[in-house]
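# Chains, contacts and geometry: an overview
In case you want the letters, here they are:
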Amino acid sequence: MLTMLDRVSKNYDKLKVVEDLTLTLEEGKIHCIVGPSGCGKSTILNLLANVIEPDCGTVNTKGEKVGYIFQEDRLLPWETVFENIAIVRKNKDTRAIQNIIKNVGLQGFENCYPEELSGGMKQRCSIARGFYYEASILLMDEPFKSLDHDLRISMIKYLLKLWEQTKNTIIFVTHNIDEALLLGHQVMVLSKGPTRPIKQYNINTHHNERDLTDTSLNHMRNEIINLISKINREDVVNEKII
Ligand SMILES: Nc1ncnc2c1ncn2[C@@H]1O[C@H](COP(=O)(O)OP(=O)(O)OP(=O)(O)O)[C@@H](O)[C@H]1O
């Protein structure tokens, strides 16, 4: 277990987004974070990535290699698929890049430029780059938001295939509960700001055996949807339910 945030607070002027938040996560697992819009999910990722500084408290990821994958692919338009991936490491490991490209189904497209790829292919390239970086902690901020349902499902499969080989710690922010249930070893529901985890679900079923129509996952899904609606209606005001 790694205490990534230790009693951290972050305000934007008078807006208290994070207050005295401690976040301890199991390493080598996929942690999905869900919660109402604007509650502070991206702020938490930015703190973990050391992109922003906390007002007080400690962020314990400074000694870690932290990767960040965003909703937009953020590929360099003037570089090929291969070069866009290679760029994140000093020494080019051609075999490792080719292996990752194969794992995200982009073989044959190594020399294509981003403008020659579909949206889903670009995002696969961005995920491949994130994994090639060999981060011990990989932050993902709604990376599949702009994709349709079928593409999302195939992206989840690609992501899991890569994670199976690296077993790094992934913190994955999403508004899509199904995505969280298919990916996460843990799904954390956050309250409105100042945000804090109000409920945590652990999913022990192996990824290959997860079926959203299965009673327990379906039950969890309904509970999370109801909980987020309650938070949005403010029936649950920063109450710690865990
Ligand atoms: N740089 C900033 N300056 C001022 N306010 C900010 C800044 N970044 C975020 N905020 C505000 O802080 C709050 C939390 O924003 P954040 O983006 O972390 O939430 P989120 O949960 O990721 O939102 P969403 O689900 O809509 O993506 C919001 O009210 C937002 O407007």
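Keep in mind that what you see is a predicted model, and the values were worked out from it rather than measured.

What follows covers the overall build of the chain. The helix and strand tally for the chain stands at seven helices and nine strands. For the chain, the C-alpha radius of gyration of 18 Å lies close to 18 Å, the compact-globule estimate for 242 residues. For the chain, the spread of C-alpha atoms along the principal axes amounts to about 55 × 45 × 30 Å. Classification of the 242 residues of the chain by burial places 49% in the buried group. Excluding contacts between residues fewer than 6 apart, the proportion of contacts in the chain whose partners are at least 24 apart in sequence is 70%. In the chain, 30 side chains carry a positive charge and 32 a negative one; their mean positions are 2 Å apart.

Bringing the sheet that holds strand β5 (residues 66-69) into the picture now. One open sheet holds the six strands; their spatial order is β5-β6-β7-β3-β8-β9, and the pairing between them is mixed. Of all strands in the sheet, those bounded by a partner on one side alone are β5 and β9 (197-202). The average angle at which neighbouring strand axes cross in this sheet is 20°, direction not considered. Two elements, strand β8 (residues 186-190) and β9, share five bridges in a ladder whose sense is antiparallel. Bridging from a neighbouring strand, Val187 pairs with Tyr201 of β9.

It is worth spelling out the UniProt feature "domain: ABC transporter" (unreviewed entry) in the chain at this point. UniProt tags residues 3-217 as "domain: ABC transporter" (unreviewed entry). The span residues 3-217 carries 31% helix and 26% strand; its end-to-end C-alpha distance comes to 28 Å.

To continue, consider the side chain of Arg89. In this structure, Arg89 sits in the loop between α2 (81-86) and α3 (94-103). Separated by 2.9 Å, the side chain of Arg89 and the backbone oxygen of Tyr132 make a polar contact.

Take the site of the ligand next. In the vicinity of the ligand, 13 residues are found, and the nearest of them are Gly38, Lys41, Ser42, Thr43 and His175. For the ligand, the accessible surface in isolation is 640 Å², of which the surrounding protein chains cover 56%. Elements represented by at least two residues in the shell around the ligand include exactly β2 (15-25) and α1 (41-48). No other element matches the three residues that α1 contributes to the shell around the ligand. Of the residues assigned to the shell around the ligand, the class counts are five nonpolar, six polar and two charged.

On to the pairing of strand β3 (residues 30-34), then. Burial analysis of β3 places five of its five residues in the buried class, which makes it a mostly covered element. Side chains Ile30, Cys32 and Val34 project from β3 onto one buried face, and the interleaved His31 and Ile33 project onto a second face that is buried too. Where β3 meets strand β7 (residues 169-173), four bridges bridge the pair, whose relative direction is parallel. Along β7, the bridge assignment pairs Ile33 with Val173. Pairing of β3 with β8 involves four bridges; the strand directions are parallel. Residue pairing for β8: His31 is matched across the bridge by Gln186.

Under the counting rule described, the total for this entry stands at twelve salt bridges. For Glu164, the salt bridge goes to Lys167, with nearest N and O atoms at 3.7 Å. Assessed through its relative accessible area of 36%, Glu164 is described here as partly exposed. One network of salt bridges, with partners in common, ties together Arg89, Asp93 and Glu134.

Before going further, it helps to examine the environment of Leu23. With respect to the element layout, Leu23 can be found in strand β2. Residues Leu23 and Val8 lie 15 residues apart in sequence; the distance between their C-alpha atoms is 8.9 Å. Sequence-distant contacts of Leu23, that is, excluding residues within four places in its chain, are made with Leu2, Thr3, Met4, Leu5, Ile44 and Met188.

Let us now look at unusual backbone geometry. Following Gly193, the chain continues to Pro194 via a peptide bond in cis, the omega torsion being -10°. With respect to the helices and strands, Pro194 occurs in the loop between β8 and β9. Phi at Asp20 is positive, roughly 50°, even though this residue is not glycine. Residue position: Asp20 is located in strand β2.

What counts as what
Residues numbered from 1 in each chain as written. Predicted model: local features only at pLDDT ≥ 70, side-chain atom pairs only at ≥ 80, totals over all residues. Heavy atoms only, no water. Helix = DSSP H or I, 4+ residues; strand = E, 2+ residues; numbered from the N terminus. Rg over C-alpha atoms; globule rule 2.2 N^0.38 Å. Buried < 20%, exposed > 50% of the residue type's maximum accessible area, 1.4 Å probe, protein only. Contact = heavy atoms within 4.5 Å. Lys, Arg positive; Asp, Glu negative; His and termini not counted. Charge placed at Lys NZ, Arg CZ, Asp CG, Glu CD. Pairing = 2+ DSSP bridges. Axes fitted to C-alpha atoms, helices over the stretch in contact; angles between N-to-C directions. UniProt positions renumbered as here; feature names shortened; annotations may be inferred. Polar contact = N/O pair within 3.5 Å; in protein donor to acceptor, adjacent residues only side chain to side chain. Near = heavy atom within 4 Å. Areas by Shrake-Rupley, 256 points an atom, 1.4 Å probe, with all protein chains shown as cover. Nonpolar A, V, L, I, M, F, W, Y, C, P; charged D, E, K, R; others polar. Salt bridge = Lys/Arg side-chain N within 4 Å of Asp/Glu carboxyl O.

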